[in-house]
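Results of the structural survey
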Amino acid sequence: MGRCYLFGLCLLLGLLRAGRGLQNVTAQLFGAEAFGTLAAFGDFNSDKQTDLFVLRGGNELLIFLADQKEPYFKPKVKLSINQGVITSVVPGDYDGDSQMDVLLTTKPQNHITDELSVIIFWGRNQTLDSNRKTVLNKTFHDEPLIMDFNGDLIPDVFGVTNESDRPQILIGRSKTYLAQYALRYLKHDPGSELHKLEEQLTDCSPFQSANLYILPGEEKDHFNLFLTTLASSQNIQFETWVNKDGNFSRVTYIKQKPEDTVVVGQSVFADFDGDGQTEHLLPACADVTCHKSAIYLSKPGLNQWIPVLQDFRNKDTLWGFVPYKNNQSSVPITLHIGDYNMDGYPDALAILMNTSGSNQQAFLLENVPCNNASCRSVHRMFKVYWELSDLNQIKDAVVATFFDIYEDGILDIIVLSKGYFNSEFAIHTLKNNFEADAYFVKVIVLSGLCSNDCPSKITPFGVNQPGPYIMYTTVDANGYAKNGSAGQLSQSAHFALQLPYNVLGLGRSANFLDHLYVGIPRPLGEKSERKQEWTAIIPNSQLIVIPYPHNVPRSWSAKLYLTPSNIVLLTAIALIGVCVFILAIIGILHWQEKKADDREKRQEAHRFHFDAM
C-alpha cells in the first residue's frame, strides 16, 4: 500500500509540473499599452515593486507603475522634452534625497551632430516636473556610464565629453554641485600611452564600460573600472582599472580582442561557472555579416579567450548575431544575463538572425555543462534553446531581457519587436513556468542615505544604486560547497536593461545560505572595508540591504521578505490529492466491510430461525 501512495504522489507531482515553458501574458500586464521602447527598470514610487521606463515618439518618457489589478503596469507618469530625441534613460538618486530622479541622454532631432546632451529631471513626491531639471553644459561622445566613483552612494557620470579625448568623471553631490560638476581624469602610469575612447568600434559596437566592485580578499578589495578602448584603427582592447588612491591611476590588466574577430559586441559580466568570481563574456563575429558568430569568456588571471558557444546551427539553418547599424531600430550586439532556471548558473538572452536574413528572433542561451575540449577549463558552456514556442512566435525581435514580472523571484522575459504602428516597438511579456521548483535568493542594495528618517516620510525600496557587489556561499543538494556572485547595475548604456536587484539561483537545494556578503564602493582615501556578512539566510527570500551608516557595516540593516516556493503549493496539492485517494480507499474498504457484516448478520438470523423450529 505504501508503494501505491508513493506512486500516486509522484504521478500527481509529475502532472502538475508537466506544464513547463513560457506563457504570453502581455495583455494582462499592459492591456492596449504594449508598445514603445523599454529603456530601464526602477522602483519609482518606492512600493517595493519594479516599474518600467518606456520611450515613445522619440521625445516622450512614460513610467509604467506596477499595480495590483489588471493591467498590472499602467502609464502613470509622463515626461516630454521639447527638443531632441531621447536615446537612453538611467533612473537613480542623483541628489541624495532618497527619491528617484531620471537621467536622460538626448541628441538633436535633425542629427546635425552625434554629440549627446545629459539632462537630469529631479524627482519629488513620486512625480517628475519638466521644469525641475539640470542640463549638464558638456556634451558626450557616447552614452555615459553611471557609477559611484567616490563612494558617497550618489551616482556619478563617466564618459568622454566634447572638451577632451580623455575620459572624465562628473561627481555629483547636490543639485548645484552636479550642475557645476567636478572633473576627474583617468591617469595612466608614467610612460604609458593614453588610449582614446572611440564612439564606434569597428562599425559595430558603441563605447562600452562597466564598473565592478570586488569583495575584499586576495588583494581584490577595490572598485574596478572596465573600459573598451581603441589603440589603433582596428586594435580593440579591454582595460581594467583599479581605484586604490582616489583615482583610477593604474591599468592592472589589458586584453586584446579574440583573434580572427572582426565585429565585437557589448561586454557583459557574470559569475558564469559558479565559482564566486566575475567573468567577462563577449559576443563577437568573425565576419562583418556575423554569419560566423561566437561567445567568448575571459576568466580573471587567465590571458586567453575561451569559446563557450560556437554552434549556432539549428538543423539546416545557420544563425548568427545581428550586426549593429547606426539607425534608430538597430541596437548593439548584447547578451542579457539572468538565471532563467535558477540552477545557480546564469543563462542569457540573445537576438539572432538566420543567414538568409529572413527571420530575426530572440533565443534563450542555457548555461549547461561543457561537452567539448574548448570550454573544458571553465566546465560550462552556452547551449541555444531552439524550441520555446511562445518565444519562437515573436518575429523581428530587437531586444530581449529578463524581468521578475510577479516579484516572486522567478525571472520572466520581455521582448521588443518591430512592426508596431508609427515605427514603435511592440512589447511582449512571457511568464516563466520553467523549473519553478528551484530555490533562489533575491538581493537589492539601496543607497542607505536615510533609514527611518527619510524626507517626506518615504522609505526608499529600490532607488537604483550602481556599484554594490553580492556574493554567497552555501552547500548544494549533494553536500558540496557552492558559491555565487553578482554585481548590481554594473552597466547603464546601450540597452543594458539591468535590473535594480539580483536574483541568485540556488538550484534544488533547500539549504540555508551559510554566508551572504554585500560590499559597496569606498570613498576616496578610505582604507577600511565596506562589507557586511549575514549568515543563515532562508532560501526563497528577498533581502533588502540598507547600508546605513555607510562607514559602519556592522550597523547595516537587512529586511527579509519570504516568497513561498511553488513546490510548496504543488506538494500541498499533491498531498491533498493523496489524502483524498487514501480516504476513497478507506471509504471503499469500509463500505465492503459493512456489506460483509450485513451479509453475515442475515446469515446468522437465518440460522437462528431454523434452530428455533
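The structure under discussion appears in the preceding block.
Quick summary incoming for the structure in this document. On a predicted model such as this, the values are computed, not experimentally measured, just so you know.

1. Some words on unusual backbone geometry
For the bond running from glutamate 70 to proline 71, omega is -10°, close enough to zero to count as cis. Its location among the elements puts proline 71 in the loop between strand 4 (60–66) and strand 5 (73–80). Omega for the peptide link from tyrosine 548 to proline 549 comes to -10°, which places this bond in the cis form. Tracing the backbone shows proline 549 in the loop between strand 40 (541–546) and strand 41 (557–562).

2. Re the state of the cysteines
Applying the stated criterion across every chain, the model contains two disulfides. In this model cysteine 285 forms its disulfide with cysteine 290; the gap between the sulfur atoms is 2.1 Å. Linking cysteine 285 and cysteine 290, the disulfide has an S-S dihedral of approximately 90° and is accordingly described as right-handed. Classification of cysteine 290 by relative accessible area gives buried; the value is 2%. Each sulfur of the disulfide joining cysteine 370 and cysteine 375 lies 2.0 Å from the other. Residues cysteine 370 and cysteine 375 are joined through a disulfide that is right-handed, its torsion about the S-S bond being 95°.

3. Thoughts on a nonpolar patch on the surface
Taken together, the side chains of Phe512, Ile538, Leu560 and Leu562 define a hydrophobic patch exposed on the protein surface, amounting to about 350 Å² of accessible area. With respect to the helices and strands, isoleucine 538 occurs in the loop between strand 39 (531–537) and strand 40.

4. Examining the side chain of glutamine 49
Turning to its location among the elements, glutamine 49 is positioned in the loop between strand 2 (37–42) and strand 3 (51–56). Engagement of the side chain of glutamine 49 in a polar contact is seen with the side chain of glutamine 68, the distance being 3.4 Å. When near neighbours in sequence (up to four residues on either side) are disregarded, glutamine 49 contacts Asp43, Ala66, Gln68 and Glu407.

5. Points about the sheet that holds strand 1 (residues 22–24)
Read across the sheet, four strands follow the order 1-33-32-31 without closing on themselves; strand pairing throughout is antiparallel. In this open sheet, the two strands that pair with only one neighbour each are strand 1 and strand 31 (397–403). Sheet twist, expressed as the mean angle between neighbouring strand axes with direction ignored, is 25°. Direction of pairing for strand 32 (residues 412–417) relative to strand 33 (residues 426–432): antiparallel, over a ladder of five bridges.

6. Focus: the packing of aromatic side chains
Within the structure shown, the criterion is met by 14 aromatic pairs. Ring geometry for phenylalanine 30 against phenylalanine 64: centres 5.6 Å apart, planes inclined by 70°, an arrangement best described as edge-to-face. With phenylalanine 30 in helix 2 (residues 26–30) and phenylalanine 64 in strand 4, this pair connects stretches of sequence that are 34 residues apart. Both residues of the pair, phenylalanine 30 and phenylalanine 64, count as buried.

What counts, and where the lines are drawn
Residues numbered from 1 in each chain as written. Predicted model: local features only at pLDDT ≥ 70, side-chain atom pairs only at ≥ 80, totals over all residues. Heavy atoms only, no water. Helix = DSSP H or I, 4+ residues; strand = E, 2+ residues; numbered from the N terminus. Disulfide = S-S within 2.5 Å. Buried < 20%, exposed > 50% of the residue type's maximum accessible area, 1.4 Å probe, protein only. Patch = residues over 30% accessible without salt bridge, like charges linked within 9 Å, V, L, I, M, F, W, Y side chains within 5 Å. Areas by Shrake-Rupley, 256 points an atom, 1.4 Å probe, with all protein chains shown as cover. Salt bridge = Lys/Arg side-chain N within 4 Å of Asp/Glu carboxyl O. Polar contact = N/O pair within 3.5 Å; in protein donor to acceptor, adjacent residues only side chain to side chain. Contact = heavy atoms within 4.5 Å. Pairing = 2+ DSSP bridges. Axes fitted to C-alpha atoms, helices over the stretch in contact; angles between N-to-C directions. Phe/Tyr/Trp six-rings, centres within 6.5 Å; stacked < 30°, edge-to-face > 60°.

Treat this as a map of the structure, not an account of what it does.
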